[in-house]
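What follows is the residue order along each chain.
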Amino acid sequence: MIAMQLRAIIVDAFREAFEKRVFWIFAGMTVLVALAMASVSISDEGVSLFFGLAPLESVDIAPSTPAGRAIIGAILTELIGRWYIGFLGIILSIVATCGVIPSMLERGAVDVVLSKPISRPALFLGRYIGAMAFVLIQATFFVVLTFLVAGLRWHYWSPPYLACIPLFVILFSYIYAFTALFGVITRNAMASFLLTILAWFCVFAPQIAYENLEKVESIGWKVDQRWIDGARLLKTIFPNTREIPRLAGQLIGATVESQTMGEPQEGVADMVFLKLDMQKAYEAEARISNVDFVTSVGSSLLFEAVVVMIAMWKFSRRDF
Amino acid sequence: MAAVASHSDFAVDLSDVTKTYANGVKALDQLSVRARPGEIFGLLGPNGAGKSTLVKIMMTVIRADRLAGTVLGRPIGDREAKRRIGYLPEAHRFPEYLRGRQLLDYYAALAGVSRIDRRRRAGALLERVGMAEWANTRIDKYSKGMLQRLGIAQALMNDPQLVVLDEPTDGLDPMGRRDVRLLLQELREEGRAVFINSHLLGELELVCDRVIIIQKGRVVREGRLRDMMDDSPEYEVAIVGDASGVVETLGRLGASVIGNRVRIPTIDIGVVNKVIDVLRNAGIAIESLRPKRISLEEIFVEATGGGPVAPMARLTGAGADPKGASR
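Presented here is a report on the structure given in the accompanying data block. What you are looking at is a predicted structure, and each value in this text was computed from that prediction instead of being measured.

### Considerations on the overall build of chain A
Link 1 in the chain: Counting its regular elements, chain A contains 13 helices and three strands.
Link 2 in the chain: Counted over contacts in chain A with a minimum sequence separation of 6, partners at least 24 positions apart contribute 76%.
Link 3 in the chain: Split by element, the accessible area of chain A, about 14,300 Å² in all, is 70% carbon and sulfur.

### Looking at the sheet that holds strand 1 (residues 12-20) of chain B
Residue and element names in this part refer to chain B.
Link 1 in the chain: Strand order in this open sheet of three strands is 2-1-4, and the pairing throughout is antiparallel. If you trace the sheet from one side to the other, it starts and ends with strand 2 (26-35) and strand 4 (66-71), each paired once. When strand polarity is set aside, the average angle formed by the axes of neighbouring strands in this sheet is 15°.
Link 2 in the chain: Pairing of strand 1 with strand 4, which is carried by five bridges, proceeds in the antiparallel orientation.

### Let's talk about the side chain of Glu236(B)
Residue and element names in this part refer to chain B.
Link 1 in the chain: Here glutamate 236 shows up in strand 10 (residues 234-240).
Link 2 in the chain: A distance of 3.2 Å separates a polar atom in the side chain of glutamate 236 from a polar atom in the side chain of arginine 261.
Link 3 in the chain: Excluding its chain neighbours within four sequence positions, the residues that come into contact with glutamate 236 are Arg261, Val262, Ser288, Leu289, Arg290 and Lys292.

### A closer look at empty space enclosed by the protein
All names here are of chain B.
Link 1 in the chain: The full count for this structure, using the stated rule, is two cavities of 30 Å³ or more.
Link 2 in the chain: Of the pockets and cavities examined, the largest cavity occupies roughly 60 Å³.
Link 3 in the chain: Every residue lining the largest cavity is listed: Pro168, Thr169, Arg181, Leu184, Ile196, Ser198, Glu203, Leu204 and Val207.
Link 4 in the chain: Tallying contributions element by element places helix 7 (residues 201-207) first for the lining of the largest cavity, with three residues.
Link 5 in the chain: Classifying every residue of the lining of the largest cavity gives five nonpolar, two polar and two charged.
Link 6 in the chain: Quantified by volume, the second largest cavity comes out at close to 30 Å³.
Link 7 in the chain: Forming the walls of the second largest cavity are Met58, Val71, Pro75, Ile76, Gly77, Asp78, Ala81, Lys82 and Ile85.
Link 8 in the chain: Counted by class, the lining of the second largest cavity contains six nonpolar, one polar and two charged residues.

### Looking at the packing of aromatic side chains
Residues and elements named next belong to chain A.
Link 1 in the chain: Applying the stated criterion to the full structure yields 21 aromatic pairs over all chains.
Link 2 in the chain: Taking 6.3 Å as the distance between ring centres and 80° as the angle between the ring planes, the aromatic pair formed by phenylalanine 14 and phenylalanine 134 counts as edge-to-face. Pair noted here: phenylalanine 14 is in helix 1 (residues 2-19) and phenylalanine 134 is in helix 6 (residues 120-154), with a separation of 120 residues, a long-range link. Of the two residues, phenylalanine 14 and phenylalanine 134, both sit in the buried class.
Link 3 in the chain: On the numbers, 5.4 Å between centres and 35° between planes, the contact of tyrosine 128 with tyrosine 176 is tilted.

### Some thoughts on the interface of chain B and chain A
Link 1 in the chain: In this complex, chain B contributes 34 residues to the contact, which on the side of chain A involves 31 residues.
Link 2 in the chain: For the pair chain B and chain A, the two sides together bury roughly 3,100 Å², of which 53% comes from carbon and sulfur.
Link 3 in the chain: Our count for the chain B to chain A interface comes out at four salt bridges.
Link 4 in the chain: A salt bridge links Glu106(A) to Arg93(B); the nearest nitrogen and oxygen atoms lie 2.8 Å apart.
Link 5 in the chain: Inspection of the chain B/chain A interface yields 16 residue pairs in polar contact (both at pLDDT 80 or more).
Link 6 in the chain: Residue classes in the side of chain B that touches chain A are distributed as 15 nonpolar, eight polar and 11 charged.

### Some details on unusual backbone geometry
Link 1 in the chain: Phi angles above zero are rare outside glycine, and Phe50(A) is one such case at about 50°.
Link 2 in the chain: Among the secondary structure elements, Phe50(A) is positioned in the loop between strand 2 (46-49) and strand 3 (54-56).
Link 3 in the chain: Residue Ala91(B) is not a glycine yet carries a positive backbone phi of 50°.
Link 4 in the chain: Residue classification places Ala91(B) among the exposed residues on the basis of a relative accessible area of 57%.

About the criteria used
- Residues numbered from 1 in each chain as written.
- Chains lettered and ligands numbered in written order.
- Predicted model: local features only at pLDDT ≥ 70, side-chain atom pairs only at ≥ 80, totals over all residues.
- Heavy atoms only, no water.
- Helix = DSSP H or I, 4+ residues; strand = E, 2+ residues; numbered from the N terminus.
- Contact = heavy atoms within 4.5 Å.
- Areas by Shrake-Rupley, 256 points an atom, 1.4 Å probe, with all protein chains shown as cover.
- Pairing = 2+ DSSP bridges.
- Axes fitted to C-alpha atoms, helices over the stretch in contact; angles between N-to-C directions.
- Polar contact = N/O pair within 3.5 Å; in protein donor to acceptor, adjacent residues only side chain to side chain.
- 1 Å grid on protein atoms, 1.4 Å probe; cavity = no way out; pocket = protein on both sides within 12 Å on 5 of 7 lines; lining within 4 Å.
- Points joined across faces, edges and corners; volume = space filled by probe spheres on them.
- Nonpolar A, V, L, I, M, F, W, Y, C, P; charged D, E, K, R; others polar.
- Phe/Tyr/Trp six-rings, centres within 6.5 Å; stacked < 30°, edge-to-face > 60°.
- Buried < 20%, exposed > 50% of the residue type's maximum accessible area, 1.4 Å probe, protein only.
- Buried area = accessible area lost by both parts, 1.4 Å probe.
- Salt bridge = Lys/Arg side-chain N within 4 Å of Asp/Glu carboxyl O.

This is how it looks when you write it as structure tokens:
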């Protein structure tokens, strides 16, 4: 019976999410991004914009060369890794799903579902999984479409790129745990969305702080070790939201190939103006960028599980 | 319908139900309630009396601080019992993106009804509540009365042995109310227990077998409705003329004059005849004489001590609606 009930809850969460305009906004944006990418042709013969109407003779990106592949990889890393996975896609997905839990808890709605022979944790998890499955579809649509465009129009076939789909869902799940918790507490979609953004900032800040403190120290500046240790501790406890986009970048292939080109990685270029010991800065960046997937994702999922358990406990104990 | 697998003869058999909200409002205070299979049970009380709290406790929406007893022979919250309970909450809010048939299917799936049964019952119930032609319309297009009909169908999708309805005729037109009454009577004839919470005393009077009146979380009156209504039988005489001159004489016989009516609170026919003699001797014409049963409203007012001022006073009193108090 539980399988039938869970299926019903998940399907309902899907229906609700599909009802929201933001799903169609997201789908429209995905198509626009794919069209924009498709309008750029990159081949060994040259690069052109607007479906061949504007050839760029001064630009030479040959997909068959390591340098050309590295540039394309860097573009995709920026577009998919940093912007889609790291920011915009997550925001849109939270907007689309922030109402999934609160809508179930609305007065008059919650009474009916709680009267059914299903446990509260199962109800909660059903909605949570439903939101996750919905985002999986969104991510698959975006990543597969851009993967095909990159392959067909830029001659850049990189199957590991498809791993961005689960990576996106994993990162979303870190953040959505907060949305679910705040949804149970406030029973309001807008409030849970805003509080989620605040929580995201709170887990993001120690990561940025730690990375920059490490870099600053590596180039010889004096930093109180307690600050670095504190930031590292918070970074370790909180979900590592910065590392998923980095992992995505590595999978896309940009990191390795940009090293081939000898160019500085993300963040390091910003420090060039300091004219300090760049070698140490590279080493610090490499140390920070050296993501251990199991540790990073494992500790983040552990934190997510704790937040979800708190939300579930709150939901199970609460009077409505 | 299968027989109630129960350790108790009652569909609802609860005692010592106590609930105090976080803000200190005591909604229920050692309340006891019993409803039998095959009867329609009315739950009455002024605003803030604790009616909704009791229903929500039965439906596990709210947890009691303390209670003993069973629903359908099992402890409250037992999943097997919940499978056999249908519930329509007051001011329900259904997902607006669903269509009528989808909504029935969704809630029945949550109730553990198989796909085949869901399909079969949805069609039959939509027909039964007069919503068949709206089955595939999104419910955000429904009127309040249509939503109420769909809500009742929803409560019956799992073929329940106990049907709990909170204000079931809310939003319905007179025809809809009559349909609901007939439906409730059918449910009773099928051997189901029907538990109704409503403010519409006239509606309840027409269908209920038993009622319980609660106030400030305690039972103030309960029993068979017919017994209650026959409990204080009286005669009422409609008169034409001024009876002010015989008020004192009538008072000595226990009768009272209210406008152009004389109330005789007894079934002693000798006393009734004496009252008639007094009236006729005073030259007052008698238009009609009839035995008068006490109405549910009068029972309610008497039980809750509600005069013309008291109901408003209650709105601001300790028994005020505790909605939100749980948060």
